[in-house]
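Topology and contacts: notes
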Amino acid sequence: MKDLTRRKRLRHSLIVLFTLFIFSLPFLITNNYYLSVLVIIGIHTTVVVGLCLLMGYAGQISLGHAAFYGLGAYASGILTSTYGISPWLAILAGAVGTGLITYTMGIPIFRLKEHYLALATLGLGLIIHVIFVEEVELTGGPSGLSKGIPYLSIGKLVLNTDFRYYFLVWAIALAAIILANNVVHSRIGRALRSIHGSEFAAKSLGVDTDKFKLQVFALSAIYASVAGSLYAHYITFISPSPFGLMTSIQFVVMAVVGGLSSIWGPILGVTAVTLLTEALKSIIPQLIPQAGGEYEIVIFGLILVITMIFLPEGLTSGLLKLYEGWRYRKERADEIP
Amino acid sequence: MTLASELLQYILSGLTMGGIYALVALGFVIIHNVTGIINFAQGEFVMLGAMFMVTLVGLKVPTPLALIISIILVMIVVGLIEFGAIRSARKASPVTLVIITIGLSTAIRGIALLVWGTNPYRLEPFTKGGPINIGGATIIPQSLWIIGTTVVVLVLTYFLFEYTYFGKALRACMVNKFAARLMGISPQKMSLFAFVFSAALGALAGIVIAPITYVTYDMGLMLGLKGFVAAVLGGLSSTPGAVIGGLALGVIESLGAGLVSSGYKDGIAFIILLLVLFLKPGGVFGTSGSKRV
Amino acid sequence: MKFLEINDLTKSFGGVQAVNDVSFSVDKGEIVAVIGPNGAGKTTLFNLMTGIYQPTQGSVVFKDTDVTRLTAYQVAQLGIARTFQNLQIFNNMTVLENVMVGRHTKSKTGFLGAVFPLGPVQREEREIVEKSLDNLAMVGLADKALEAANSLPYGQQKMLEIARAVALEPELLLLDEPAAGLNSTETRELVEIIYGLRDRGVTILLVEHDMETVMEITDRLVVLDFGNKLAEGTPYEIQNNQEVIAAYLGEEGLGC
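Being a predicted model, the structure only gives us computed values, none of them experimental.

Things to note about the overall build of chain C
A count of helices and strands for chain C gives 10 helices and 10 strands. Compactness check: chain C gives a C-alpha radius of gyration of 19 Å against a globular reference of 18 Å for 256 residues, within 12% of the reference. Taking the principal axes of the C-alpha coordinates as reference, chain C spans close to 65 × 40 × 35 Å. Taken across its 256 residues, chain C has 43% of its residues classed as buried. For chain C, the share of sequence-separated contacts (at least 6 apart) that also reach a separation of at least 24 residues comes to 67%.

Observations concerning the overall build of chain A
If you tally the helices and strands in chain A, you get 14 helices and 2 strands. Relative to a compact globule of 337 residues, whose C-alpha radius of gyration would be 20 Å, chain A shows 21 Å and is just as compact. In terms of principal-axis extent, the alpha carbons of chain A reach across some 70 × 55 × 45 Å. Sorting the 337 residues of chain A into buried and exposed places 51% on the buried side. Excluding contacts between residues fewer than 6 apart, the proportion of contacts in chain A whose partners are at least 24 apart in sequence is 76%.

Concerning the environment of Asp218(B)
Among the secondary structure elements, Asp218(B) is positioned in the loop between helix H8 (187-209) and helix H9 (219-233). C-alpha separation for the pair Asp218(B) and Thr106(B), spaced 112 residues apart in sequence, amounts to 9.6 Å.

Digging into the interface of chain B and chain A
Between chain B and chain A, the residue contacts involve 35 residues of the former and 31 residues of the latter. Of all the secondary-structure elements, those providing two or more residues to the side of chain B that touches chain A are helix H4 (94-116), H9 and helix H11 (265-279) of chain B. If you tally residues by element for the side of chain B that touches chain A, the top one is H4(B), at 16 residues. Looking at the side of chain B that touches chain A residue by residue, the class counts come to 26 nonpolar, 7 polar and 2 charged.

What about the packing of helix H8 (residues 187-197) of chain A against helix H3 (residues 95-102) of chain C?
When two helices pack together, their arrangement is given by the angle between the helix axes and by the axis-to-axis distance. Between H8(A) and H3(C), whose axes approach to 10 Å, the crossing angle comes to 105 degrees. Of the possible angle classes, the one that applies to H8(A) and H3(C) is roughly perpendicular. Within the contact between the two elements, H8(A) uses Arg190(A), Ala191(A) and Ser194(A) and H3(C) uses Glu97(C), Met100(C) and Val101(C). Split into classes, the residues belonging to the contact of H8(A) with H3(C) amount to 3 nonpolar, 1 polar and 2 charged.

Considerations on the sheet that holds strand S3 (residues 31-35) of chain C
Residues and elements named next belong to chain C. Reading across the sheet, the 6 strands line up as S6-S7-S8-S3-S9-S10 and stay open at both edges, with mixed pairing between neighbours. The sheet terminates laterally at strand S6 (80-82) and strand S10 (228-233), the two strands that pair on one side only. Sheet twist, expressed as the mean angle between neighbouring strand axes with direction ignored, is 20 degrees. Running at roughly 145 degrees to strand S8 (residues 203-207), helix H7 (residues 184-199) makes contact with S3, strand S7 (172-176) and S8 of the sheet.

Notes on the nonpolar core
Ranked by size, the top nonpolar core spans 277 residues in total, and within it Ala255(A), Ala25(B), Ala50(B), Met53(B), Leu204(B), Val229(B) and Ala163(C) carry the most contacts. It is helix H10 (residues 209-235) of chain A that provides the largest number of residues to this core, a total of 16 residues. In this structure, Met53(B) is in contact with Ala66(B), Leu67(B), Ser70(B), Leu123(B), Ile207(B) and Ala210(B), ignoring residues within four places of it in sequence.

Describing the sheet that holds strand S2 (residues 16-26) of chain C
Ordered by their spatial adjacency, 4 strands build an open sheet running S2-S1-S4-S5 (chain C), and the pairing between neighbours is antiparallel. Edge positions in the open sheet fall to S2 and strand S5 (65-66) of chain C, since each of these has one partner strand only.

Things to note about the environment of Pro37(C)
Residue and element names in this part refer to chain C. Position of proline 37 among the secondary structure elements: in the loop between S3 and helix H1 (42-49). Under the C-beta neighbour-count criterion, proline 37 is labelled partly exposed, with 17 such atoms within 10 Å. Separated by 210 residues in the primary sequence, proline 37 and alanine 247 place their C-alpha atoms 7.9 Å from one another.

Topic: H10(A)
Residue and element names in this part refer to chain A. Across its 27 residues, H10 extends 39 Å between first and last C-alpha, which sits within 8% of the 39 Å expected from 1.5 Å per residue. Most of H10 is tucked away: 24 of the 27 residues are buried. Of the residues flanking the end of H10, it is threonine 236, one or two places downstream, whose phi is positive at about 60 degrees.

Notes on H3(C)
Taken across its 8 residues, H3(C) has 8 buried, putting it largely inside the fold. Of all the residues in H3(C), the buried ones are Val95(C), Leu96(C), Glu97(C), Asn98(C), Val99(C), Met100(C), Val101(C) and Gly102(C). Against H8 of chain A together with helix H5 (119-138) and helix H6 (154-166) of chain C lie the buried residues of H3(C).

A word on the pairing of S7(C)
The two faces of the sheet receive side chains in turn, since in a regular strand these alternate between them. Residue and element names in this part refer to chain C. With respect to burial, S7 is a largely interior element, 5 of its 5 residues being buried. Neither face of S7 is open: one carries Leu172, Leu174 and Asp176, the other Leu173 and Leu175, and all of them are buried. Bridge count for S6 against S7 is 3 bridges, and the pairing is parallel. Bridged to isoleucine 80 within S7 is leucine 172. Here S7 pairs with S8 via 5 bridges, running parallel. Bridge pairing in S8 places aspartate 176 opposite valine 207. Handedness of the crossover joining S7 and S8 through H7 is recorded here as right-handed.

Quick look at the confidence of the model for chain A
Of all residues in chain A, 91% attain a pLDDT of 70 or more, and the chain-wide mean is 83. Between the elements of chain A, mean pLDDT differs from a low of 69, seen in helix H14 (residues 314-335) of chain A, to a high of 93, seen in helix H3 (residues 65-81) of chain A.

Things to note about the confidence of the model for chain C
When the pLDDT values of chain C are averaged, the result is 86; 96% of them are 70 or greater. Listed scores for the predicted complex are pTM 0.83 and ipTM 0.85.

Conventions we followed
- Residues numbered from 1 in each chain as written.
- Chains lettered and ligands numbered in written order.
- Predicted model: local features only at pLDDT ≥ 70, side-chain atom pairs only at ≥ 80, totals over all residues.
- Helix = DSSP H or I, 4+ residues; strand = E, 2+ residues; numbered from the N terminus.
- Rg over C-alpha atoms; globule rule 2.2 N^0.38 Å.
- Buried ≥ 20, exposed ≤ 12 C-beta atoms within 10 Å, placed from the backbone.
- Contact = placed C-beta atoms within 7 Å.
- Nonpolar A, V, L, I, M, F, W, Y, C, P; charged D, E, K, R; others polar.
- Axes fitted to C-alpha atoms, helices over the stretch in contact; angles between N-to-C directions.
- Parallel < 35°, antiparallel > 145°, perpendicular 65-115°, else oblique.
- Pairing = 2+ DSSP bridges.
- Core = buried A, V, L, I, M, F, W, Y, C linked by C-beta atoms within 7 Å.
- Expected span 1.5 Å × (residues − 1).
- Right-handed = clockwise from strand over helix to strand, strands pointing away.
- pLDDT = per-residue confidence, 0-100.

Next comes the structure, spelled out in C-alpha cells:
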C-alpha cells in the first residue's frame, strides 16, 4: 500500500515538474518560429495522447484520426465564421458531435478485429474527408473555408500571438495527458489493459470489452476534435488537405515512435517527429540546393520502418531500457571496487 | 443515350477499373495468406510499374520489351524490400507489421517523388484506334487491353498455383504454414516469392492502366486502398474472392459515380466496404470460422 | 431448486461431438470434480458454461437463471468465475493489477468517473486495492503485489489466477486443472485454499487430472469420456465403477 502511494506521488511530481518546464519555455524562447513549432507540437500531442489510449491501452489501431481532427476543425470553422457562434461553444459542439458520430459508427466497427478494424477506421476517415471536399456549400470544398476563422479570446484578451496561444494549447495538452493518465489508472483503464493482455480472461472476469473499446474510441476522437478546433483557431483558415490519410498515418507514426505504453510517449513521439521534420526542412536545402520539401516524405517513411524494426516498443521504452542498462552497468562497476 | 446503354457504359468502365482492382487485390491476398501481413505498400508496386514503363517508353524502348523490363525492375525492388525490411521484422506483432508496410509505402512514394517529380506523365495506348461501339456504349481499345490482361493473368495464376512446384508450395503455406514447414517448404523463401509475385501483379496493373490515367507519384495510394477493399470484400483469403471483389467494386463504383455523384466516387467504395464489414464481417466470400480457444 | 443444473448439454465442432448430451447438477457448497481422459470434453464443458462457446443443444441453469445464451462477461456478472487450463494472466500488468481487474464487477466507476476521479471514485479505488491485497494474501502472494505478473514462476501465476477469480466474489468457481504443473508443496497449499473457499460458501467445480487430490477433496465426481457422461457419484463409488476403470485402463490408473 505504501509503495503504491509512493508510485502515485512520483507520477504526480513528474507531471508537476513537466508542467513548470512547459510553461517556462515561452519565456526562454523568444523566436516566433520556434514558438509556432511548439504550438503545433502541443496540438498534435493532444491528438496523439488520445490515439495512444486507443492503441496502447485498448490495443486497437485507428487510421482515421485525421478525419476526427478535421471534424473539430470544421465544426469550429463553420460554426464561428458562417454562423457567428462563440468559438468556445463551437469547440464544445465539435467535441460532442465528434463523440456522438464516432460512438455510433463505433458500434458496428468494433465488432471487427485487427486488419478489418484498421480498414474500417481508414474507410470512415476517408468518407469524412470526401465529405469535406464535396460539400462545397458547407465547407468551401477543396479550396477551403472562404471566410476567416476568428482568433480565440479569453475575456478581452485575444489569443492572436504564438506566445499567448502557446499557453492555451499546452494547458489543454497537459489536461489531456492528466485525464488520460486518470483513465489509465482507473477501473476502466485496467479493464482496457486487460483486453490487451487477454481478451478471453477479461471477459471471464465480467469486463464488457466491446463497451469499453467503444468508449475509449469515442474519447480519443473527442481529443482529436478538440485539437482540430485549436488548430482552426490558430491557423484561422482550413481546407481539407491536412485531414487526409497521410495525416492519420502521421499521427500513428508519432504514437508508435513515442511508444504506446506510457503517457510520456506521445510528447516524446510528437516532439521527435516534428523536430526532425522541421530540421530536415532547413538542413536539406543547404546540403542539396535543388531539393524541395520532398525529402520529408521519404524520411518520414524511413523513420517509421526503422523504428518499428529496431525499437518496436517506441522511443520511451527504448530510452528506458538504455537507462536501465546504464544503471545496471554502473551498479556492477560500483560493486567491484 | 438510353438508360440501358448508359448502364452498359458504366458497367464497361467499371469492369476496366475492376480488372485493375482485382490484380491489386490478388497481390494482397497472396501476401496475406502466405505471410499474414497486410501489405499497405501494394499500391506503390502499381505506381512503380507505371513509372518504369513511362520512363522506358520515353527512352524509346519498344513497348513489349519495356513492359517486361518494368515488371522485372519492380520485382527486384520489392524483393530487396522484402529481404531488407520485412524479413528483419518477422517476429513483430501484426499491428507492427502493418505499420512497417505503411512506412515502406510512404518511403517508396517519397522516393518516386524525388525521382519523377510531381508532374503527371502520360503513356500512349498500346494500340491505336478509336473507341469501339458495343450496344450503344463505347469502349476504348486500352480498356480491352486491361480486361484482356486481367483474364490472361488470372488464368496464368491459376495454372501456376495448380501445376507448378512453387504454386503448390505457396498453396501449402496458405493452408497450413506449420505443416508446410514440416514438408521442407521454407516459409522465408515463400514469403519472398509471395512478395515478388504480388509485385509483378501490381506492376502489370500499373502498366496497363497507365494509358488511361495520369501517372503520378501518388497514384498508388488510392489504387492500393481500393485493391485492399476489393480483397476484403472477397474475404481476404480467397483468390477467386479477390477477383470477384475487384470486379464488383469497379462496377459498383462506376455505377455510383454515374448515377449518384462523381465527386463521391472514392467515398462510395468505402461506404460499401463499411456496409459489407458490418453486415458480414468475414467478407462476402469469406468464411467466418470461429477460433478455437 | 438446484444451484447449478446442466441439462442435455451438447456441443459439436463440425461433426465431432466434443460434449454429448451431458446432464448433472451441483448443490450449493459442494466441491465437484469433472474428470476424464484427455479429450473427454472437460474444458469444452467449462467453455460452454461460461459463455465462451454456445452449445449446440441443451441448457445451463444457474440459480434458476438460464445462462445458456449469455456472453462470457454476463455469466461472470452473475457470479461465476473461472481459471484457465492455459494460463491467461494479464502479462502487461502487475500482480496486484491483475487481481484488481477481478474486482471489475464489484465496482462501478464509469467512464466519467475514470476521467475525473473525485472523492467517491478514490474511495472505491482504495477499497479495490485493499480487497485485492486480501485476495493476494489468501494465496500467499501479498508480498509480490507490485511485481510484474509475468515475472512470477508458473506455480505462483496459477495461484494469481485463482486470486483474480476469487476477487470477483463468485458463488461458483470453476477451476480448470488447478494442480497441473504444481509441485507437492504447492498442491497442498492449493488444497488448503480450496477448503478455505468452500468454508466461505463458494461452490467449486474443477477439472483435474491429479487423482489423489481429486479423490481427497471432492464430494462428488462426474466422469466424462469422449464427450459422454460415463458416471457420477462419490469418490468411493467412482473408484469402484467398472466402466470408469475400463475407460481409464490404458491411460493411467486411478492412482489410489
